[in-house]
Amino acid sequence: MACIIAAPSSGHGKTLLSLLISSWAKKNKLNIQTFKIGPDYLDSQYLSLITGKPCRNLDKFLSGSDWIRNTYQEFAESSDLVLIEGVMGLFDGIGNTKDGSSASIAKLLNIPVILVVDASRQSASLAALVKGFKDFDPKLNFAGVVLNRVKTERHRQILYDVLDNIG
């Protein structure tokens, strides 16, 4: 099983979720391979520390599509779980393009996306945000949404209802 952890932008909790899933996998004796999209060395070091094995980088600008496919295949094939932490926002690539973005890597490798959203100070607006990301590129496979910074049970229920209304 593989997934890309992505978000609308930096600061929504991609690294936190990636570290939590990696820690859970390691605790449950699953063979997990982590990857990081983009030129980030700090998150990769955290993921390597948690899993006990090197987090591999998938940077289209520095390496190209063929290298990404080959590296992914080489290190993912013997793993129970593959987790790829995205870069910046889901569609943020090189300059003002989507090239090299988490979305482009998800499509290149045919891997589903989990969208992490900072849900603090939101209710019905969350639907527009999530639906916008889901509908922006119909070729992306969304596996789900993780809501971060939900403060109360009432807030959780409101957000659940909002997401339920958009399917």
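Right above here is the structure, for reference.
The structure presented is a predicted model; accordingly, all values stated were derived computationally and were not measured. Position numbers for residues start from 1 in each chain and track the written sequence from start to end. Totals for whole chains, interfaces and linings use all residues, but because this is a predicted model, local features are given only for residues with pLDDT of at least 70 and pairs of side-chain atoms are given and counted only at 80 or more. Heavy atoms throughout the structure, all of them, feed into the side-chain values; hydrogens and water do not.

(A) Here's a closer look at a nonpolar patch on the surface. Residues forming no salt bridge and having over 30% relative accessible area are the ones grouped into patches, like charges within 9 Å of each other and nonpolar side chains (Val, Leu, Ile, Met, Phe, Trp, Tyr) within 5 Å. Residue exposure ignores everything except the shown protein chains as possible cover, and the areas themselves are Shrake-Rupley values with a 1.4 Å probe. We define a salt bridge as a contact between a side-chain nitrogen of Lys or Arg and a carboxyl oxygen of Asp or Glu at a distance within 4 Å. Residues Tyr41, Leu42 and Tyr46 make up a contiguous nonpolar surface patch of about 350 Å² in total accessible area. The helix and strand labels rest on DSSP assignments: H or I over at least four residues marks a helix, E over at least two residues marks a strand, and numbering proceeds from the N terminus. One can find leucine 42 in helix α2 (residues 42–51).

(B) Structural view of the packing of aromatic side chains. Two aromatic rings, drawn from Phe, Tyr or Trp (for Trp, its six-membered ring), form a pair once their centres lie within 6.5 Å of each other, and the interplanar angle then sorts them: stacked below 30 degrees, edge-to-face above 60, tilted otherwise. Under the counting rule described, the total for this entry stands at three aromatic pairs. An angle of 25 degrees between the planes, with centres 5.8 Å apart, marks the rings of phenylalanine 91 and phenylalanine 133 as stacked. One end of the pair, phenylalanine 91, is in the loop between β4 (81–85) and α5 (102–109); the other, phenylalanine 133, is in helix α6 (residues 125–136), and 42 residues separate them in sequence. Classification of residues uses two cut-offs on accessible area relative to the type maximum, computed with a 1.4 Å probe and protein chains only: under 20% is buried, over 50% is exposed, and between them is partly exposed. Given a relative accessible area of 16%, phenylalanine 133 falls into the buried group. Pairing phenylalanine 91 with phenylalanine 136 gives two aromatic rings, centres 4.7 Å apart and planes at 65 degrees, and the pair type is edge-to-face. Residue phenylalanine 91 is located in the loop between β4 and α5, and its partner phenylalanine 136 is located in helix α6; the two are separated by 45 residues in the primary sequence. Taken together through their ring pairs, the aromatic side chains of Phe91, Phe133 and Phe136 make up a single cluster. Taking NZ or CZ as reference, arginine 56 lies 3.9 Å from the ring centre of phenylalanine 75, over its face. Our definition puts a charge over a ring when NZ of Lys or CZ of Arg is within 6 Å of the ring centre and also within 35 degrees of the ring normal.

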